[in-house]
Amino acid sequence: MKAIRRFTVRPVLPEPLLPLAGLARNLRWSWHAETRELFQSVDPEGWQAAGGDPVRLLGAVSAPRLEELAGDRRFLRRLAVVAADLDDYVHGGRWYQSQENGAELPAGIAYFSPEFGITAALPQYSGGLGILAGDHLKAASDLGVPLIGVGLLYRHGYFRQSLSRDGWQQEHYPVLDPNELPVSLLRDTEGAPARVSLSLPGGRALHAHIWQARVGRVPLLLLDSDVEDNDAGAREVTDRLYGGGSDHRLLQEMLLGIGGVRAVRTYCRITGHPDPEVFHTNEGHAGFLGLERIRELEGEQGLGFDAAVEAVRAGTVFTTHTPVPAGIDRFERALVARHFGPGAELAALPVDRILELGAESYPGGDPGVFNMAVMGLRLAQRANGVSTLHGAVSRGMFAGLWPGFDPADVPITSVTNGVHAPTWVAPEVVRLGVRQIGAGRTEDALSVGGSQRWDAVADIADQDIWDLRRVLREQLVQEVRDRLRASWLQRGAAGAELGWVDSVLDPDVLTIGFARRVPSYKRLTLMLRDPDRLRRLLLDPERPVQIVVAGKAHPADDGGKRLVQELVRFADDPRVRHRIVFLPDYGMAMAQKLYPGCDVWLNNPLRPLEACGTSGMKAALNGCLNLSVLDGWWDEWFEPDFGWAIPTADGLGTDEDRRDDLEANALYELIEGRVAPRFYDRAGRSGLPVRWIEMVRRTLVSLGPKVLAGRMVREYVERLYAPAARAHRALNPDAARDLAWWKGRVRAAWPRVVVEHVEALAAAPVNGTAELGATLTLRVRVALDALTPEDVEVQAVAGRVDPQDVIRDGRTFPLKPAAGPDLEGRWMYEGPLALDRTGPYGYTVRILPAHPLLATPAELGLVAAPVEADAAGDTGAGGGVLLR
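All values derive from a computational prediction rather than experimental measurement.

Peer 1: Looking at this structure, I do not really get the side chain of T281. What am I missing?
Peer 2: Assignment of secondary structure puts T281 in strand 11 (residues 278–282). You can call T281 buried: its relative accessible area is 2%. There is a polar contact of 2.8 Å between the side chain of T281 and the backbone oxygen of E283. Leave out the neighbours within four places in its chain, and T281 touches F112, A286, G287, L289, V317, F318 and T319.

Shown next, in the form of structure tokens:
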């Protein structure tokens with residue numbers, strides 16, 4: 001019989017065991033080995049059945065076992081030590097508290113993301129964005145950064161993946177009961193569940209409870225619309241991650257952004273946590289948070305809309321994760337208009353001004369859509385991509401928001417992602433580190449970094465490294481066999497026909513891993529471009545290769561599902577199924593076994609469409625070598641000492657088949673000619689692959705400190721959060737009004753701001769040449785209309801020029817007022833220009849707005865350049881001066 005109602009019956013912990021409840025409810029256990037080992041000792045079989053989830057374990061352990069443990073002095077001593085360690089971790093000083101400029105650092109930071117991958121026990125993630133967000137919170141906790149995470153609690157999470165008999169992806173959405181998850185309801189001082197509410201068109205309302213997860217020191221607030229006061233449609237808003245149509249997604253993002261700000265305010269009021277000075281939106285999904293903060297400032301401080309926008313921008317950081325416009329959420333303007341204004345949410349804000357914030361008002365933009373990333377950029381004074389290459393791609397993709405500027409001048413920087421080593425490094429690797437450099441230094445190296453600690457890896461013996469690699473490979477082989485058998489049983493196979501599974505993979509064979517989401521640009525099936533050649537690689541009698549593949553296609557992406565099916569059908573072939581496997585239902589639990597057990601991590605996206613690609617970082621921290629296209633982080637840090645770069649055919653344009661053929665061939669040749677020979681080269685008396693082991697060592701020593709989430713979060717603090725906090729404090733109501741008024745005045749005058757004339761007064765080039773080390777003195781006449789020199793910055797920009805006279809890698813030289821204004825309001829500027837580079841060289845002059853509260857002169861997207869070259873040719877874009 002089926003139950004008509006479900007609820008959870010929890011055991012009552014004996015008083016000596018009460019600290020277990022606190023340990024289970026703080027997700028630090030997901031990366032703290034001693035805590036996990038303590039829970040495992042409660043009931044080893046129950047721990048395995050609970051999937052390593054302490055909350056589920058405590059919900060199932062028997063009362064007699066609890067009584068037994070309550071009288072076990074040895075267990076209670078262990079419990080006391082672990083509980084005291086957590087208390088010290090949560091309340092003690094960390095890196096953030098030790099900074100000399102602590103007073104300048106923000107007292108609170110709110111970090112918004114649509115998904116968070118903390119642990120498999122809290123399945124609220126789909127892929128890299130969520131895993132990155134989870135690692136961001138964990139690293140912030142390790143460093144003591146006062147972060148508050150904000151997301152949604154999806155009752156079905158992301159889908160679980162299985163395969164049909166013919167290899168077609170099937171989706172399942174298990175129901176998640178929050179009472180069985182490591183979360184708790186946020187309650188007000190009266191004990192009632194705290195909640196937030198949004199107004200919907202037609203007099204409807206959207207209410208949401210606030211669930212709280214503890215990620216070490218960091219609270220994670222998750223909004224849940226499954227509230228009895230909601231109508232059926234509103235209750236389903238947080239049903240699943242990335243599900244539903246446009247209206248459903250819009251409501252999710254309104255709840256995340258607007259409801260998220262209200263949840264943060266509620267949490268701070270109840271707990272006394274400092275109100276955030278900085279708001280960080282991880283992708284555009286949470287962009288509506290800026291509108292809620294504008295509403296707050298208009299209502300509470302009486303700011304007008306423009307002044308409120310300036311105050312909001314000052315304290316906002318926006319991170320873009322997508323390198324393609326198709327990856328950005330865009331809604332019909334009419335849909336957005338219907339959900340805002342009179343009779344709906346944010347009724348006090350003018351709808352037309354809201355729509356302007358998301359308008360694609362640039363060449364090539366669609367006037368009929370509202371772009372969430374565009375709004376995110378317009379409401380954030382600081383923005384970044386997630387690798388150096390992705391920052392450059394983002395500057396080009398969003399250049400239309402800063403017309404007149406070269407992409408290199410677009411104010412989008414980059415902070416390269418990192419991964420949380422304590423989560424992703426295998427325990428066996430950690431134990432080897434402890435043996436070599438000590439427990440405390442190993443923990444610091446994994447959490448905080450520091451090249452000196454990682455340098456100690458260089459002293460680990462070759463035999464120890466090779467023995468470790470084989471142990472990890474052997475564990476992966478067993479994991480693959482268990483998962484493969486379960487998958488085939490789910491596909492309808494009988495147990496009697498699965499004897500072959502016991503011979504799948506070999507712990508002594510070169511193992512390549514490939515696991516990720518399955519959009520077309522990640523090219524899951526590039527390895528199948530020449531199936532016969534791949535079979536020869538897999539079955540080579542002297543240097544065989546084995547491949548483990550995993551990945552999920554989006555439920556609505558039939559093209560991605562066909563790629564999965566193509567790979568599965570190849571792997572089902574009895575000739576090769578012992579050498580290549582596809583594992584369904586890729587998630588954190590699988591990944592934590594997969595990364596350490598592989599020798600090589602493969603990544604072959606279409607360059608430059610991989611924003612960062614952090615899976616290769618997690619593999620590297622376990623001594624796995626990367627074999628990747630030069631994209632994302634690999635483009636930034638690749639060296640031949642610790643991996644291989646797959647050549648790309650970037651210049652082929654739309655000829656996708658030829659490009660894939662060339663790059664697949666390059667991949668095969670690398671594996672055949674360099675990777676496999678290096679792995680199987682056992683020359684020398686030791687019988688070890690010495691050159692391979694040295695690459696493993698270099699991977700750990702060189703990449704280890706770079707790929708850490710601790711390094712990433714420190715960069716966010718120093719380069720983005722601290723400047724945003726300073727800007728937030730400077731933008732008090734009066735300053736915000738003054739800045740908004742000044743921007744309005746500058747925009748009104750700018751059409752009449754021009755560079756009228758440029759001439760060189762001294763050391764002018766003779767016959768088109770000049771000497772290296774010479775200095776040009778420039779004189780420039782500019783028209784500023786109603787503006788004054790205090791409102792602008794006049795610059796010379798100089799550098800090498802290409803055949804089209806475009807300046808490359810230009811340097812700026814400030815020019816100063818020398819005279820003016822004349823009767824027509826024109827000013828003369830002068831200044832030196834040092835000729836410090838040889839070769840074709842050129843310069844130009846430009847005028848930019850200048851104000852002490854601007855984060856960058858490009859902030860307004862306004863620039864004035866010479867109107868045209870004069871008779872002497874002095875005001876062109878370069879002039880092609882040749883230096884020798």
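Peer 1: What am I meant to see in the nonpolar core here?
Peer 2: Core analysis: the biggest nonpolar cluster contains 107 residues, and L510, M527, I547, L627, W644 and W692 have the highest contact counts within it. Considering each element in turn, this core owes the most residues, 10 residues, to helix 26 (residues 656–680). Not counting residues up to four positions away in its chain, the partners in contact with L510 are P544, V545, Q546, D599, V600, V675, A676, F679, Y680 and W692. Membership of the second largest hydrophobic core comes to 99 residues, among which are L346, F370, L776 and L862.

Peer 1: Mind showing me how you'd approach the packing of helix 17 (residues 427–437) against helix 20 (residues 462–490) here?
Peer 2: Describing two packed helices takes the angle between their axes plus the distance from one axis to the other. Relative to each other, helix 17 and helix 20 sit at 160 degrees, their axes nearing to 10 Å. Relative to helix 20, the element helix 17 lies roughly antiparallel. Remark: the crossing between helix 17 and helix 20 carries right-handed chirality. Of the residues in helix 20, those in contact with E428, V429, L432 and R435 of helix 17 are D464, L468, V471, L472 and Q475.

Peer 1: I would appreciate a short explanation of empty space enclosed by the protein in the present structure.
Peer 2: To locate leftover empty space, one rolls a probe as large as a water molecule over the atoms. In total, this model carries seven cavities of 30 Å³ or more according to the counting rule given. V429, G433, W454, V457 and L700 are the residues nearest the centre of the largest cavity, which is lined by 23 residues in total. Mapped onto the lining of the largest cavity, the elements with two or more residues apiece are helix 17, helix 18 (439–447), helix 19 (451–455), helix 20 and helix 27 (690–703). For the lining of the largest cavity, the leading source of residues is helix 17, giving six residues. Residue composition of the lining of the largest cavity, grouped by class: 16 nonpolar, five polar and two charged. Looking at the second largest cavity, its volume works out to about 80 Å³. In this structure, the second largest cavity is lined by 13 residues; those nearest its centre are L484, W488, R491, D572 and F582. Taken together, the residues that form the lining of the second largest cavity break down as nine nonpolar, one polar and three charged.

Peer 1: How should I be thinking about the pairing of strand 27 (residues 807–819) in this particular structure?
Peer 2: In regular strands, side chains alternate between the two faces of the sheet. Pairing between strand 26 (residues 792–801) and strand 27: seven bridges, direction antiparallel. Within strand 27, the residue paired with Q795 across the bridge is P814. Linking strand 26 to strand 27, which pair antiparallel, is a turn of five residues; within it D805 sits at a positive phi near 65 degrees. By the bridge criterion, three bridges tie strand 27 to strand 28 (residues 826–834) in an arrangement that is antiparallel. From the neighbouring strand, K816 faces strand 28, where its bridge partner is E830. Two successive antiparallel strands, strand 27 and strand 28, enclose a turn made up of six residues, where G820 displays a positive phi of approximately 125 degrees.

Peer 1: It is not clear to me how helix 28 (residues 709–730) should be interpreted in this structure. Could you clarify?
Peer 2: Residues spaced three or four apart along an α-helix face the same direction, because each turn holds 3.6 residues. Over its 22 residues, helix 28 extends 30 Å from the first C-alpha to the last, a length consistent with the 32 Å expected when each residue adds 1.5 Å. Along its length, helix 28 shows its largest kink, about 40 degrees, at V717.

Peer 1: Just checking my understanding: could you explain the layout of surface pockets for this structure?
Peer 2: Roughly 820 Å³ of volume is contained in the second largest pocket. Lining the second largest pocket we find 30 residues, and of these R313, R378, R747, E859 and L860 sit closest to its centre. Going through the elements one at a time, helix 11 (305–314), helix 13 (351–357), helix 14 (372–378), strand 15 (382–385) and helix 29 (733–749) are the ones with two or more residues in the lining of the second largest pocket. Here the element with the most residues in the lining of the second largest pocket is helix 11; it accounts for five residues. Its residues assigned to classes, the lining of the second largest pocket comprises 14 nonpolar, six polar and 10 charged.

Peer 1: Sorry if this is basic, but what is going on with the pattern of salt bridges here?
Peer 2: Pairs can form between side chains of opposite charge whenever their charged atoms are close. Using the criterion set out here, one finds 65 salt bridges in the structure. Here E497 ties to R165 by a salt bridge, and the two come within 3.8 Å at their closest N and O atoms. With E497 in the loop between helix 20 and strand 17 (510–515) and R165 in the loop between strand 5 (160–163) and strand 6 (169–172), this pair connects stretches of sequence that are 332 residues apart. With relative accessibility at 42%, the residue E497 sits in the partly exposed group. Since its relative accessible area comes to 44%, R165 is described here as partly exposed. Notably, a salt bridge pairs E292 with R295, separated by 2.7 Å at the nearest N-O pair.

Peer 1: Help me out: how do you make sense of helix 9 (residues 246–271) in this one?
Peer 2: Taking 1.5 Å per residue, 26 residues should reach 38 Å; helix 9 reaches 36 Å between its end C-alpha atoms and fits that length. Considering bend angle alone, the principal kink of helix 9 is centred on G259 and spans about 35 degrees. In terms of burial, helix 9 is largely enclosed, as 20 of its 26 residues are buried. Note on helix 9: the residue one or two positions beyond its end, G272, has a positive phi of about 85 degrees.

Peer 1: Sorry if this is basic, but what is going on with the sheet that holds strand 19 (residues 580–583) here?
Peer 2: Reading across from one edge, 19-18-17-20-21-22 is the order of the six strands in this open sheet, with parallel pairing throughout. Both outer strands of the open sheet, strand 19 and strand 22 (643–646), are each paired with one neighbouring strand and no more. Taking the axes of each pair of neighbouring strands and ignoring which way they run, one obtains an average angle of 20 degrees across the sheet. As judged from the four bridges shared by strand 21 (residues 625–629) and strand 22, these two strands associate in the parallel manner. Residue pairing for strand 22: V629 is matched across the bridge by I646.

Peer 1: I would appreciate a short explanation of the environment of S628 in the present structure.
Peer 2: Inspection of the secondary structure puts S628 in strand 21. Since its relative accessible area comes to 3%, S628 is described here as buried. Taking the C-alpha atoms as reference points, S628 and P605, 23 residues apart in sequence, are found 8.3 Å from one another. Excluding residues that lie within four positions of it along the chain, S628 makes contacts with N603, W634, W644, A645 and I646.

Peer 1: When you look at the packing of aromatic side chains in this model, what are you seeing that I'm missing?
Peer 2: For any pair of aromatic rings, the description rests on two quantities: the centre-to-centre distance and the angle between the ring planes. Inspection of every chain in the model, using the stated rule, returns 20 aromatic pairs. With a centroid separation of 5.7 Å and an interplanar angle of 35 degrees, the aromatic rings of W644 and W692 are classed as tilted. Within this pair, whereas W644 is found in strand 22, its partner W692 is found in helix 27, the two being separated by 48 residues in sequence. A residue is classified by how much of its surface remains accessible, and W692, at 1% relative accessible area, is buried. Grouping aromatic residues by their ring pairs yields a cluster made of W466, W644, F679, Y680 and W692. The aromatic ring of W466 is capped on one face by R473, whose charged end is 5.3 Å from the ring centroid. In this structure, K552 is placed above the aromatic ring of F159, and the distance from its NZ or CZ to the ring centre is 5.0 Å.

Rules behind the numbers
- Residues numbered from 1 in each chain as written.
- Predicted model: local features only at pLDDT ≥ 70, side-chain atom pairs only at ≥ 80, totals over all residues.
- Heavy atoms only, no water.
- Helix = DSSP H or I, 4+ residues; strand = E, 2+ residues; numbered from the N terminus.
- Buried < 20%, exposed > 50% of the residue type's maximum accessible area, 1.4 Å probe, protein only.
- Polar contact = N/O pair within 3.5 Å; in protein donor to acceptor, adjacent residues only side chain to side chain.
- Contact = heavy atoms within 4.5 Å.
- Core = buried A, V, L, I, M, F, W, Y, C linked by side-chain atoms within 4.5 Å.
- Axes fitted to C-alpha atoms, helices over the stretch in contact; angles between N-to-C directions.
- Parallel < 35°, antiparallel > 145°, perpendicular 65-115°, else oblique.
- Left-handed = near helix turned anticlockwise from the far one by under 90°.
- 1 Å grid on protein atoms, 1.4 Å probe; cavity = no way out; pocket = protein on both sides within 12 Å on 5 of 7 lines; lining within 4 Å.
- Points joined across faces, edges and corners; volume = space filled by probe spheres on them.
- Nonpolar A, V, L, I, M, F, W, Y, C, P; charged D, E, K, R; others polar.
- Pairing = 2+ DSSP bridges.
- Expected span 1.5 Å × (residues − 1).
- Bend = angle between axes of the 7 residues up to and from the residue.
- Salt bridge = Lys/Arg side-chain N within 4 Å of Asp/Glu carboxyl O.
- Phe/Tyr/Trp six-rings, centres within 6.5 Å; stacked < 30°, edge-to-face > 60°.
- Lys NZ or Arg CZ within 6 Å of the ring centre and 35° of its normal.

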